[in-house]
Amino acid sequence: MTSVIGSKRKAFWADNGFLVLPGFFDEDECQAVASASDRVWEARPADVVVDDLVTNSRRRITDVSEDDARNHRFKINDLYLSDERLRSVTLSERLGMVLEELLGDEPVACNTLNFDYGSQQADHLDTLYMTPLTDTALVATWMALEDTLADAGPLRYFPGSNHITPYRFSTGSYHVNLPEMERWADYMADQLDRKGLEEQRFLAKRGDLFIWHALLLHGGSEICRPGLTRKSLVTHFFTQSDCEKLGSDLRPSPGGWWMRKPPLEVPEEGARPAIPTVNAADLPALQDKQADNGGLLPPGREPRVRMEPLETALD
Ligand SMILES: O=C(O)CCC(=O)C(=O)O
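Residues numbered from 1 in each chain as written. Predicted model: local features only at pLDDT ≥ 70, side-chain atom pairs only at ≥ 80, totals over all residues. Heavy atoms only, no water.

Within an unreviewed UniProt entry, the label attached to the chain reads Phytanoyl-CoA dioxygenase, and the organism entered is uncultured Acidimicrobiales bacterium.

In structure tokens, the structure reads:
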């Protein structure tokens, strides 16, 4: 098969676990996605669910007070389910060809997140929360809807962290197991040190595309100037063959497929949001894998400061 991305980009992806395609999206596409988010804040449709990043709570957008809407930072979950134009941008034919080459299979959009501000999300691997059926059959795209200023909490990532052998929880899976997250964080911090991996930040221009590998350690850096926006769209993709095995409801998109599913469940008032995932640990194919966490920190070693926010976020 002819390569769409070319051998240099392919080698870069394999080495570093990410790709940047500057100016991938045109003005019309950026506008379409930005206005999709503006529209739901205005219309407040009952089936749209948002996460309040200040209070760490999940709500229907209809239940967000005007005061919170003005003063808090949010992410909008899964607008791709109801917005056909957003779908056609985040999985255009052009993008589908790139993702298919990276995944070795047709991509399935299974989640979108619209951000107006930086997420400040602690460093993590997507396999913790969006655990694919096949170990690394997952990629994510990050679309810049405006230029990112350094103080606006840019996306941060650790090039080469895709080569860290992922931590397998005692469940046998890479799927998050909350009681073990401190050990996960210790393990990752130790591996970064051993491999000498350093953080980079993505100072995007509007229209840029960043794609990350299932095992790239990444998160949202600190917002140093509150109030600065950093508008972006994140989309996670599984593969067609995994989704077919999972029995997902797949609908065609110009560049592949999108997964039809109900809106996220909203927990009772005051409860923590459920982590929306596919938990591969529940699937028979993974149940007989043994936990193998070779390379864990020696007992008694202190957790690294760099990983603390993750532990706090999961408390
Ligand atoms: O955009 C960001 O700040 C981080 C988003 C992210 O880490 C994710 O959606 O997995």
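Draft legend 1. Highlighting the overall build of the chain. Check the secondary structure of the chain and you find ten helices and 13 strands. Across the 315 residues of the chain, 54% fall into the buried class. When contacts within the chain are restricted to residue pairs at least 6 apart in sequence, those whose partners lie at least 24 apart make up 81%. A total accessible area of about 14400 Å² is found for the chain, and carbon and sulfur atoms account for 48% of it. (Helix = DSSP H or I, 4+ residues; strand = E, 2+ residues; numbered from the N terminus. Buried < 20%, exposed > 50% of the residue type's maximum accessible area, 1.4 Å probe, protein only. Contact = heavy atoms within 4.5 Å. Areas by Shrake-Rupley, 256 points an atom, 1.4 Å probe, with all protein chains shown as cover.)

Draft legend 2. Region of interest: the nonpolar core. Residues Phe-25, Val-50, Met-143, Ile-211 and Met-259 are the most contacted members of the largest nonpolar core, which totals 46 residues. Among the elements that make up this core, the one with the highest residue count is helix α2 (residues 27–43) (six residues). Excluding anything up to four places from it in sequence, Phe-25 contacts Cys-30, Val-89, Arg-94, Leu-95, Met-143, Gly-207, Asp-208 and Leu-209. One finds Leu-128, Tyr-167, Phe-169 and Leu-215 within the second-largest nonpolar core, a separate group that totals 17 residues. (Core = buried A, V, L, I, M, F, W, Y, C linked by side-chain atoms within 4.5 Å.)

Draft legend 3. A look at the pairing of strand β6 (residues 139–144). Of all six residues that make up β6, six are buried, and the element is covered over most of its length. Neither face of β6 is open: one carries Val-139, Thr-141 and Met-143, the other Ala-140, Trp-142 and Ala-144, and all of them are buried. In terms of strand pairing, β6 meets strand β9 (residues 209–213) through five bridges, oriented antiparallel. Among the inter-strand pairings, Met-143 is bridged to a residue of β9, identified as Leu-209. Judged from the six bridges that link them, β6 and strand β11 (residues 232–239) form a sheet pairing that is antiparallel. Along β11, the bridge assignment pairs Trp-142 with Val-234. (Pairing = 2+ DSSP bridges.)

Draft legend 4. Representation of the pattern of salt bridges. Tallied over the full model, the rule gives 19 salt bridges. Among the salt bridges present, the one from Glu-27 reaches Arg-206, with a minimum N-O distance of 2.5 Å. Here Glu-27 is found in helix α2, whereas its partner Arg-206 is found in the loop between β8 (200–202) and β9, with 179 residues between them in sequence. For Arg-206, a relative accessible area of 29% translates into the label partly exposed. A salt bridge links Lys-205 to Asp-147, with the nearest nitrogen and oxygen atoms 3.8 Å apart. Within this pair, whereas Lys-205 is found in the loop between β8 and β9, its partner Asp-147 is found in the loop between β6 and β7 (155–157), the two being separated by 58 residues in sequence. Through salt bridges with shared partners, a single ionic network connects Asp-123, Arg-156, Glu-199 and Arg-201. (Salt bridge = Lys/Arg side-chain N within 4 Å of Asp/Glu carboxyl O.)

Draft legend 5. Here's a closer look at the site of the ligand. Close contacts around the ligand come from 13 residues, with Ser-119, His-124, Trp-142, His-218 and Arg-230 the closest. One nitrogen or oxygen atom from the side chain of Trp-142 is found 2.9 Å from an oxygen atom belonging to the ligand. The set of elements that each furnish at least two residues to the shell around the ligand consists of β10 (218–220) and β11. Within the shell around the ligand, the residues separate by chemical class into five nonpolar, six polar and two charged. (Near = heavy atom within 4 Å. Polar contact = N/O pair within 3.5 Å; in protein donor to acceptor, adjacent residues only side chain to side chain. Nonpolar A, V, L, I, M, F, W, Y, C, P; charged D, E, K, R; others polar.)

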